[in-house]
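# Fold and contact review
Listed here are the chains, written in short residue letters.
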Amino acid sequence: MSSSANPRKRIAVLISGRGSNMAALLRNDCGGDVVVVGSNKADAGGLDVARDAGLATFAVGHKDFASREAFDAALVERLNEYRPDVVVLAGFMRILTPVFVNAFAGRLINIHPSLLPAFPGLDTHQRALADGVKLHGCTVHFVTPELDRGPIIAQAAVQVDDDDTADTLAAKVLVQEHQVLPFAVRLFCEGRLSVEGLRVRTGPARGG
């Protein structure tokens, strides 16, 4: 049970598409409450899902700004209106600049569809098949200015079968994403994570 001394964390989620990972956060007790869902696309399907759940939403179109930095500054301003304790990138398809990353340093979490540090960036499933890996998966990590290189909070693996395609592999990984992201966010909200260099250690819950 939360108290005034240990209130539940305020979670902001950023998406670019259907928002299935955002929906997974809503289905699970992540130790905090999603207070807003934002997107860089006004027509992102996940915004409808969030609104149907009674959540505040907003869109900031990246094409409306002359630079990545200007977009990121506007996004920071909108998010700060909701006083988030943690910002979760749940399929947010933008490369963020230090303007954004530094504003939420230590409380910015991303989910990536590969077992980092393998296959950073895009087209991870096709690249995994091309390289012949036997295990693939997803990673939840803290975001740093270096793309897909932040400290790893949690990972989940799937077997790569001989008949897998990029689509079937993506589907298998997505099932794991929907489990590992809420788990990782809960660890953060419970104050159980500490970072030493690139290593994330998990301890007992603080407070309560």
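You'll find the structure just up there.
Throughout what follows, the structure given in this document is the object of discussion. It should be emphasised that the depicted structure is a prediction, and the values quoted were computed from it without experimental measurement.

It is worth spelling out the pattern of salt bridges at this point. A complete count under the given rule lists 10 salt bridges for this structure. With a closest N to O distance of 3.1 Å, Asp-33 and Arg-8 form a salt bridge. Taken together, the residues span a long stretch of sequence, with Asp-33 in strand E2 (residues 32–39) and Arg-8 in the segment before strand E1 (9–15) at a distance of 25 residues. Residue classification places Asp-33 among the partly exposed residues on the basis of a relative accessible area of 37%. A relative accessible area of 32% places Arg-8 in the partly exposed class. Between Arg-78 and Glu-81 there is a salt bridge, with its nearest N and O atoms 3.5 Å apart. Residue class for Arg-78 comes out partly exposed when judged on its relative accessible area of 26%. In this structure, a network of salt bridges that share partners links the residues Arg-8, Asp-29, Asp-33, Arg-186, Glu-190 and Arg-192.

So, about the layout of surface pockets. There is about 950 Å³ of room inside the largest pocket. If you trace the largest pocket, you find 36 residues lining it, with Gly-91, Phe-92, Met-93, Ile-111 and Pro-113 closest to the centre. Of all the secondary structure elements, the ones that give two or more residues to the lining of the largest pocket are helix H1 (20–27), strand E5 (108–112), helix H5 (124–130) and helix H6 (166–189). When residues in the lining of the largest pocket are grouped by element, the largest group, 4 residues, is from H6. Partitioning the lining of the largest pocket into residue classes produces 17 nonpolar, 13 polar and 6 charged.

Turning to the pairing of strand E6 (residues 135–142), a few remarks are in order. With 7 of its 8 residues buried, E6 lies for the most part within the structure. With 4 bridges joining them, E5 and E6 adopt antiparallel strand pairing. Within the sheet, the bridge partner assigned to His-112 lies in E6 and is Thr-139. With 7 bridges joining them, E6 and strand E7 (residues 152–159) adopt antiparallel strand pairing. Opposite His-141, over in E7, you have Ile-152 as the bridge partner.

Calculation notes
Residues numbered from 1 in each chain as written. Predicted model: local features only at pLDDT ≥ 70, side-chain atom pairs only at ≥ 80, totals over all residues. Heavy atoms only, no water. Salt bridge = Lys/Arg side-chain N within 4 Å of Asp/Glu carboxyl O. Helix = DSSP H or I, 4+ residues; strand = E, 2+ residues; numbered from the N terminus. Buried < 20%, exposed > 50% of the residue type's maximum accessible area, 1.4 Å probe, protein only. 1 Å grid on protein atoms, 1.4 Å probe; cavity = no way out; pocket = protein on both sides within 12 Å on 5 of 7 lines; lining within 4 Å. Points joined across faces, edges and corners; volume = space filled by probe spheres on them. Nonpolar A, V, L, I, M, F, W, Y, C, P; charged D, E, K, R; others polar. Pairing = 2+ DSSP bridges.

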